[in-house]
Amino acid sequence: SEYHARIALQLAPLLGRCIESDNSRLAERALTLFANAAAQTVLFSDSSAAWPLLMASLFRSGVPHWNSTVNKMTHEVLSLMQAYDASAFELTAEQCFGGSEVDETV
C-alpha cells in the first residue's frame, strides 16, 4: 500500500546507516528487524525506492563486515529479498551495481 511505501522510504535510510555501522550490535539489531513479518511487509512493499537504499547498505560497497554474525544475517536478509521478489531483486541489483554480474547464489 501507499502507506507502507511511505514508511519504507523513511525507514530505509536510517536502517541502512545502522546496517552499515561498524558497531556489530547495532548492525545485528537492525538486521534482526527483517525477521519480523510486519517489518518485512513494510520494508519489502516499495522495491523501487526503498530496496536500492537497503541493498547498497547490505552490500557495504563490497566490503564484508568484520563480524561474521553480521555477515551471516546480511546474507539471510538478501535471501529474503530475493525470495520475496526475484525480478525486483535483480532489477535493484542492476540499478545499484550498474550491470555488473550479481552472484545468483545469494
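Above this text sits the structure in question.
Given the structure is predicted, the values throughout are model-derived calculations rather than measurements. (Residues numbered from 1 in each chain as written. Predicted model: local features only at pLDDT ≥ 70, side-chain atom pairs only at ≥ 80, totals over all residues. Heavy atoms only, no water.)

**Student:** So what about the overall build of the chain? Which residues, and what values?
**Tutor:** Within the chain one finds six helices and zero strands. Expected size for 106 residues packed as a compact globule is a radius of gyration near 13 Å; at 13 Å, the chain falls within 12% of this value. In terms of its C-alpha atoms, the chain occupies a principal-axis envelope of roughly 35 × 30 × 20 Å. Across the 106 residues that make up the chain, the buried fraction comes to 40%. The long-range share in the chain, meaning contacts at least 24 apart out of those at least 6 apart in sequence, stands at 70%. (Helix = DSSP H or I, 4+ residues; strand = E, 2+ residues; numbered from the N terminus. Rg over C-alpha atoms; globule rule 2.2 N^0.38 Å. Buried < 20%, exposed > 50% of the residue type's maximum accessible area, 1.4 Å probe, protein only. Contact = heavy atoms within 4.5 Å.)

**Student:** Could you give an account of the environment of Ala38, with specific residues and numbers?
**Tutor:** Inspection of the secondary structure puts Ala38 in helix α3 (residues 37-43). Distance from Ala38 to Ile19, taken between C-alpha atoms, is 19 Å for residues 19 residues apart in sequence.

**Student:** Let's hear about unusual backbone geometry: which residues, and what values?
**Tutor:** In this structure, Arg60 is a non-glycine residue whose phi angle is positive, near 45°. By the secondary structure assignment, Arg60 is in the loop between α4 (50-59) and α5 (68-84). We classify Arg60 as buried; its relative accessible area is 15%. Its identity as a non-glycine residue notwithstanding, Ser61 has a phi of 55°, on the positive side. Considering the arrangement of structural elements, one finds Ser61 in the loop between α4 and α5. Using a relative accessible area of 74% as the deciding quantity, one classes Ser61 as exposed.

**Student:** Requested: an account of the pattern of salt bridges, with residues and values cited.
**Tutor:** Going through the model one piece at a time under the given rule, you end up with three salt bridges. The salt bridge partner of Arg6 is Glu2, with a shortest N-O separation of 3.8 Å. Here Arg6 pairs with Glu2, and both are found in helix α1 (residues 2-20), just four residues apart, close to one helical turn. Arg60 is the salt-bridge partner of Asp22, the closest N and O atoms lying 3.3 Å from each other. Pair noted here: Asp22 is in the loop between α1 and α2 (24-32) and Arg60 is in the loop between α4 and α5, with a separation of 38 residues, a long-range link. Of the residues examined, Asp22 reaches a relative accessible area of 53% and is grouped as exposed. (Salt bridge = Lys/Arg side-chain N within 4 Å of Asp/Glu carboxyl O.)

**Student:** Now, about the packing of α1 against α4: what can you tell me, with residues and values included?
**Tutor:** The description of two helices packed together rests on the angle between their axes and the distance between the axes. Axis separation between α1 and α4 bottoms out at 9 Å; the angle between their running directions is 0°. In terms of axis orientation, α1 runs roughly parallel to α4. Residues Ala8, Leu9, Ala12, Pro13, Leu15, Gly16, Arg17, Ile19 and Glu20 of α1 form the contact with α4, whose own contacting residues are Ala50, Leu53, Leu54, Ala56, Ser57 and Leu58. Residue classes in the contact of α1 with α4 are distributed as 11 nonpolar, two polar and two charged. (Axes fitted to C-alpha atoms, helices over the stretch in contact; angles between N-to-C directions. Parallel < 35°, antiparallel > 145°, perpendicular 65-115°, else oblique. Nonpolar A, V, L, I, M, F, W, Y, C, P; charged D, E, K, R; others polar.)

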